[in-house]
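Structural description and commentary
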Amino acid sequence: MKEQAIAALVGPVAEQHGLEVDRIEIASAGRRSVLRVYLDGDGPDGRGPSLDEIADATRALSVALDESDATGQAPYTLEVSSRGVSRPLTEAKHYRRNVGRLVALTLADGQVTGRIEASDADGVDLDVDGHTRRVAYTDISKAVVQAELRKDAGDDEEE
């Protein structure tokens, strides 16, 4: 597979669907290859692409790849998904798309965990134990969304 040719083909197709390519991975799987395309974008509510957007982009990517020679002649499997909640937040847009979510930030002086209240081009505002803390992106060495298990509102009904 020609990785540069694939990237050149995939990027514009994703853009036509209002998405951006987060990363591309190519792995061997026996006689086949697995081409993984991870997409990101604002989505309908500004918090990432919807499943429908990913599905539409997948169909278009499949057609575009089948019509090009970027994948070569060897058989391959195409897998397309969103960038995933477990991926580190590395750009301002990642913080913006995760407003309301709990994150753990690694800073030079330790770790802080809080809920993203807002973000802009320079940093993020976190609710840490009921107090807003401003953190500049330049002070963050690693940031990841924390998984939260919550009961649905309907589960609180009395019997």
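What counts and what doesn't
- Residues numbered from 1 in each chain as written.
- Predicted model: local features only at pLDDT ≥ 70, side-chain atom pairs only at ≥ 80, totals over all residues.
- Heavy atoms only, no water.
- Pairing = 2+ DSSP bridges.
- Helix = DSSP H or I, 4+ residues; strand = E, 2+ residues; numbered from the N terminus.
- Axes fitted to C-alpha atoms, helices over the stretch in contact; angles between N-to-C directions.
- Expected span 1.5 Å × (residues − 1).
- Buried < 20%, exposed > 50% of the residue type's maximum accessible area, 1.4 Å probe, protein only.
- Contact = heavy atoms within 4.5 Å.

1. Here we look at the sheet that holds strand S8 (residues 140-145)
The five strands are arranged S7-S6-S5-S4-S8 in an open sheet whose pairing can be described as antiparallel. One side of each edge strand has no neighbouring strand; the edge strands of this open sheet are strand S7 (131-136) and S8. Sheet twist, expressed as the average angle between the axes of neighbouring strands with direction ignored, equals 40°. Where strand S4 (residues 102-107) meets S8, five bridges bridge the pair, whose relative direction is antiparallel. Opposite alanine 104, over in S8, you have valine 144 as the bridge partner.

2. Thoughts on helix H1 (residues 3-16)
Here H1 spans 20 Å end to end across 14 residues, near enough to the 20 Å set by a 1.5 Å rise per residue. Every buried residue of H1 is listed here: Ile6, Val10, Gly11, Val13 and Ala14. Of the surrounding secondary structure, the elements contacted by the buried residues of H1 are strand S1 (20-29), strand S2 (32-40) and helix H2 (51-67). Directly beyond the C-terminal end of H1, a positive phi value near 75° is found at glycine 18.

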